[in-house]
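Chain by chain, the residues:
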Amino acid sequence: MLRGRVVNGLSRALGQRHRRLMSVWKDVPKGPEDAILGVTIAYNKDENPKKINLGVGAYRDDNGKPFVLSSVRAAEAKIQSEKRPMEYLPVIGDKEFLSNSLRLAFTEDNEFLKGDLIAAIQALSGTGACRLGAEFISRFHKSSTGKPLVLMPSPTWANHPGIFRDGGCEVEKYRYYDPESCGFDLEGCVEDLKSAPVGSVVLLHACAHNPTGVDPTMDQWEVISETIKRAGLVPFFDMAYQGFTSGSLDIDAGAVRKFVEDGHRVMLAQSFSKNFGLYGHRLGTLSMLTDSDKEKMAIESQVCGTSPYAFCTGLADHSS
């Protein structure tokens, strides 16, 4: 009987402890609604047979069904026929994939690429590349004001501020879109960049600005490049839509290549979700231009960490 009381007492105590552990997160507030998800929900509720989903950007056929590029299907079949071993990739990623990513962004004639002076790490699409970049900036970019400052265009992709804040950076805006002209506000942009603290990081959309679709002309990019150089700022390009603005991979990478020609040591986040149609595979690259092999190896050693997906990189390599 005594044993029964002891067991019952322990059960009650364990039950109370279990309840306390389960309530640790009870005060966590509900996060904000995702704007893109809200569009999709509205689309699903709409009974109009002619409706079009303007939420997540993805390839669809005439019936609104997911469409896979024929080149991707061919690459998929090739990889499966090779019966590759299910082995870990190097922690920086698939070397062939990274090489092709850099060639796509900078061209194979780029002096940094030919000199093997571009630090590159495979990432979980553009989102992961931005997050890795944010954490790297937070850890290693010296700032006199504490956390390093990242300036973002107003407006920018809804996830950008959270990605960089959670990565340890301060976030502020610079003028970009002019609602009166529905165009780019060059004067406001330049004024804001000139007044930014020296060493601030400037987030730039390489092409197909999200969400406005308004891009600077090459002449305007030249002004922005010179402004950033004179102000002592660091350019960080996010290139998620290479090929989608003009239909040319080279034209859409024009701003990135212009900045490199002007002497900037750019940071670049690339996503291949859109231009390869590999949405769920989360393929991306983070790269940084360096001045020496020692610097390149040091950066890669600090940013790498988790082994990426071998099958997915093969799809991109064989589709290109």
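Residues numbered from 1 in each chain as written. Predicted model: local features only at pLDDT ≥ 70, side-chain atom pairs only at ≥ 80, totals over all residues. Heavy atoms only, no water.

So, the overall build of the protein
No. 1: When helices and strands are counted, the protein shows 13 helices and nine strands.
No. 2: For the protein, with 320 residues in total, the buried portion stands at 42%.
No. 3: Put simply, of all contacts in the protein between residues at least 6 apart along the chain, 70% involve residues at least 24 apart.
No. 4: Within the structure as shown, the protein displays about 18600 Å² of accessible surface, and the carbon and sulfur contribution to it stands at 55%. (Helix = DSSP H or I, 4+ residues; strand = E, 2+ residues; numbered from the N terminus. Buried < 20%, exposed > 50% of the residue type's maximum accessible area, 1.4 Å probe, protein only. Contact = heavy atoms within 4.5 Å. Areas by Shrake-Rupley, 256 points an atom, 1.4 Å probe, with all protein chains shown as cover.)

Notes on unusual backbone geometry
No. 1: With an omega of 5 degrees, the peptide bond running from Ser154 to Pro155 counts as cis.
No. 2: Here the bond from Asn210 into Pro211 is cis, since omega is 20 degrees, no more than 30 degrees from zero.
No. 3: With respect to the helices and strands, Pro211 occurs in the loop between strand E6 (201–205) and helix H9 (218–231).
No. 4: Here the phi dihedral of Ala208 falls at roughly 50 degrees; this positive angle occurs in a residue that is not glycine.
No. 5: Along the chain, the position of Ala208 falls in the loop between E6 and H9.

Brief notes about the confidence of the model for the protein
No. 1: Summing up the model confidence of the protein, the mean pLDDT is 86 and the portion of residues at 70 or higher is 87%.
No. 2: Of the regions scoring below 50 in pLDDT, residues 310–316 engages in 25 contacts with residues more than four places distant in sequence or in other chains. (pLDDT = per-residue confidence, 0-100.)

Some words on empty space enclosed by the protein
No. 1: Evaluated as defined, the whole model comprises one cavity of 30 Å³ or more.
No. 2: Of the volumes computed, that of the largest cavity is approximately 40 Å³.
No. 3: Lining the largest cavity, in full, are Tyr174, Tyr176, Phe184, Cys189, Leu204, His205, Pro216, Trp221 and Ile224.
No. 4: Broken down by secondary-structure element, the contributors of at least two residues to the lining of the largest cavity are E6 and H9.
No. 5: In terms of residue class, the lining of the largest cavity is made up of eight nonpolar, one polar and no charged. (1 Å grid on protein atoms, 1.4 Å probe; cavity = no way out; pocket = protein on both sides within 12 Å on 5 of 7 lines; lining within 4 Å. Points joined across faces, edges and corners; volume = space filled by probe spheres on them. Nonpolar A, V, L, I, M, F, W, Y, C, P; charged D, E, K, R; others polar.)

Some words on H9
Owing to its 3.6 residues per turn, the α-helix aligns residues three or four sequence positions apart on the same side.
No. 1: Spanning 14 residues, H9 covers 20 Å between terminal C-alpha atoms, matching the ideal 20 Å at 1.5 Å per step.
No. 2: For H9, every residue scored as buried is listed here: Gln220, Trp221, Ile224, Ser225, Thr227, Ile228 and Ala231. Buried residues in H9, looked at end-on, bunch into an arc of 165 degrees, giving them a common side. Opposite the buried face of H9, by more than 90 degrees, sit the exposed residues Asp219 and Arg230. (Expected span 1.5 Å × (residues − 1). Arc of directions from axis to C-beta.)

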